[in-house]
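# Summary of structural features
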Amino acid sequence: MTIRALLLLFMFFYLSGLTYSLGQKVNVFPKKTDPLHVKVELYDQLMRGNHWNEGAIMQHVIFPPAGLERPIVGSQADCLDPTSEMLAAYSHKYALTKDPKDRDIANQIFEAVLKLEKVTGVPGLVARSFNQTDEPLWHEEVLWYHEWHKSTSLPGYRWLGDLSSDKFTSICYGVGTFWELCADDAYKQKAAGLLDRFMGRVVDDNFKLTDLDGKMTMWGNFCPDLPHQPLNSLKMLMGLKVAHRLTGKERYNEAYHMLIDRYHYDDEQLKAKMLFPAEWRNVGDDYHAARSLYMLMRYEKDRNLLNKYRMSLNRHWEDWKTIDFEWESNIWFIMVYQALTGEEIMTEERKKAIKDMWGFERTTREFKIPMKGGGTKTVKSEEEGTAAAMIRNYWFGRYYGLIDPKW
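I will try to describe carefully the structure that is included in this document. What you see is a predicted model; the values in this text were computed from it and never measured. (Residues numbered from 1 in each chain as written. Predicted model: local features only at pLDDT ≥ 70, side-chain atom pairs only at ≥ 80, totals over all residues. Heavy atoms only, no water.)

### Considering the overall build of the protein
- Looking only at helices and strands, the protein has 15 helices and 10 strands in total.
- In terms of overall dimensions, the protein is globule-like: its C-alpha atoms have a radius of gyration of 22 Å, near the 22 Å expected for 407 residues.
- Referenced to the eigenvectors of the C-alpha coordinate spread, the extents of the protein come out at roughly 85 × 50 × 45 Å.
- A buried classification covers 56% of the 407 residues belonging to the protein.
- In the protein, the share of contacts with a sequence separation of at least 24, taken over all contacts with a separation of at least 6, comes to 67%.
- Put simply, the protein shows about 18,200 Å² of open surface, and 53% of that area lies on carbon and sulfur atoms.
- Separation of charge centres in the protein, based on 53 positive and 56 negative side chains, amounts to 3 Å. (Helix = DSSP H or I, 4+ residues; strand = E, 2+ residues; numbered from the N terminus. Rg over C-alpha atoms; globule rule 2.2 N^0.38 Å. Buried < 20%, exposed > 50% of the residue type's maximum accessible area, 1.4 Å probe, protein only. Contact = heavy atoms within 4.5 Å. Areas by Shrake-Rupley, 256 points an atom, 1.4 Å probe, with all protein chains shown as cover. Lys, Arg positive; Asp, Glu negative; His and termini not counted. Charge placed at Lys NZ, Arg CZ, Asp CG, Glu CD.)

### Brief notes about the packing of aromatic side chains
- Scanning all chains against the criterion turns up 22 aromatic pairs.
- Aromatic side chains tyrosine 287 and tryptophan 332 sit 5.8 Å apart centroid to centroid with 70° between the ring planes, which places their arrangement in the edge-to-face category. Here tyrosine 287, found in helix H11 (residues 283-299), pairs with tryptophan 332, found in helix H13 (residues 330-341); they are 45 residues apart in sequence, far enough to count as distant.
- The class of tyrosine 287 is buried, set by a relative accessible area of 3%.
- Ring centres of tryptophan 332 and phenylalanine 396 lie 5.5 Å apart, and the angle between their planes is 70°; this geometry places the pair in the edge-to-face category. Residue tryptophan 332 is found in helix H13, and its partner phenylalanine 396 is found in helix H15 (residues 388-399); the two are separated by 64 residues along the sequence. (Phe/Tyr/Trp six-rings, centres within 6.5 Å; stacked < 30°, edge-to-face > 60°.)

### Quick look at the sheet that holds strand S6 (residues 157-160)
- Spatially, S4-S6-S5 is the arrangement adopted by the three strands of the open sheet, whose pairing is antiparallel. With one partner strand each, in any of the chains shown, strand S4 (129-132) and strand S5 (148-150) form the two edges of the open sheet. Strand after strand, the sheet turns through a mean of 25° between neighbouring axes, direction not considered.
- Direction of pairing for S4 relative to S6: antiparallel, over a ladder of four bridges. Bridge pairing links glutamine 132 to tyrosine 157 in S6. (Pairing = 2+ DSSP bridges. Axes fitted to C-alpha atoms, helices over the stretch in contact; angles between N-to-C directions.)

### Brief notes about unusual backbone geometry
- Here the bond from proline 64 into proline 65 is cis, since omega is 10°, no more than 30 degrees from zero.
- With respect to the helices and strands, proline 65 occurs in the loop between strand S3 (61-62) and helix H4 (80-97).
- Of note, the phi angle at histidine 264 is positive, near 60°, even though the residue is not glycine.
- Within the secondary structure, histidine 264 sits in the loop between helix H9 (250-261) and helix H10 (265-268).
- Accessibility expressed as a relative area gives 41% for histidine 264, which makes it partly exposed.

So this is what it looks like as structure tokens:
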């Protein structure tokens, strides 16, 4: 073969693989037959390589040509969830390993949560996600959640607003776990400061999440003067308990007991789990309840309140004890229950579900991208979901002795 032919062959393979090398920094996937610790390590590399947006973790990434070289194109309404999951994962991991590298990664993820506040320009107002871009990106008006803003506090950034009660839970759970297990003294102060500003704003606004315009967000109602879901009563009690633990400020303890004594949030939270009819059960709600009960039951010392929270946990357990393991967080419910109660409920079937945990498959689909002059173009691209919950599940289980490192 001539030199010219070799060069042409090289250029063909180089150009055919260019979009993948630009968009996907990590391309090594585990096999389903791999040991659990191998799967977790490879998915961790995929998440930090392909989903890392200045420390924030993208829940969904679209690669070139529909996406960009940086992981900032994709649906982003839930980015606080995988960000908090990875923050909790590395906090549990550091608590086990004491490896400064693990703490450094956790610090970087926490700094991204701080940036989610800073980018809004309003102390205590936290964005769902942010992107470093001067112009709106095509996904902002096409993919779910459209309330994007140009940042006035961080020029060259855009951020996604309309925070919801599930992201409230992510912030309190992720930051609280980081403060408890991983943060040094300086980062403990930063974490306490963030939660003080965030929860202080919620309390000042009569237990509502309010947006840039000062109005309550679509799913931001924890208010005692408005009808709200019992699950939101549980979430608010958790948020106030975590805020008091981190900051030591009595205002959060007073607000906690005021909602209990005057508005009976402790009784309302008993109905956080919908059991009947069965088709109304919502596994997403279960996830928010599991995180809330995990934080709340470990921090509460009052026996009467603990009994009520245990009743809420038992009500959830009525469903969880027969739950399937289709969703990655379902097995975490089982681990949370054992960690909170001390009951030995790890059957062989549940152990197998832990060993079989899986992150995501890389898929290919077509995207309709709007053009500036009008109309759309159809582009086929690869995309990835998130494995953050799986990684959190693993290090949570390792921390509580529920997962054998040899698995």
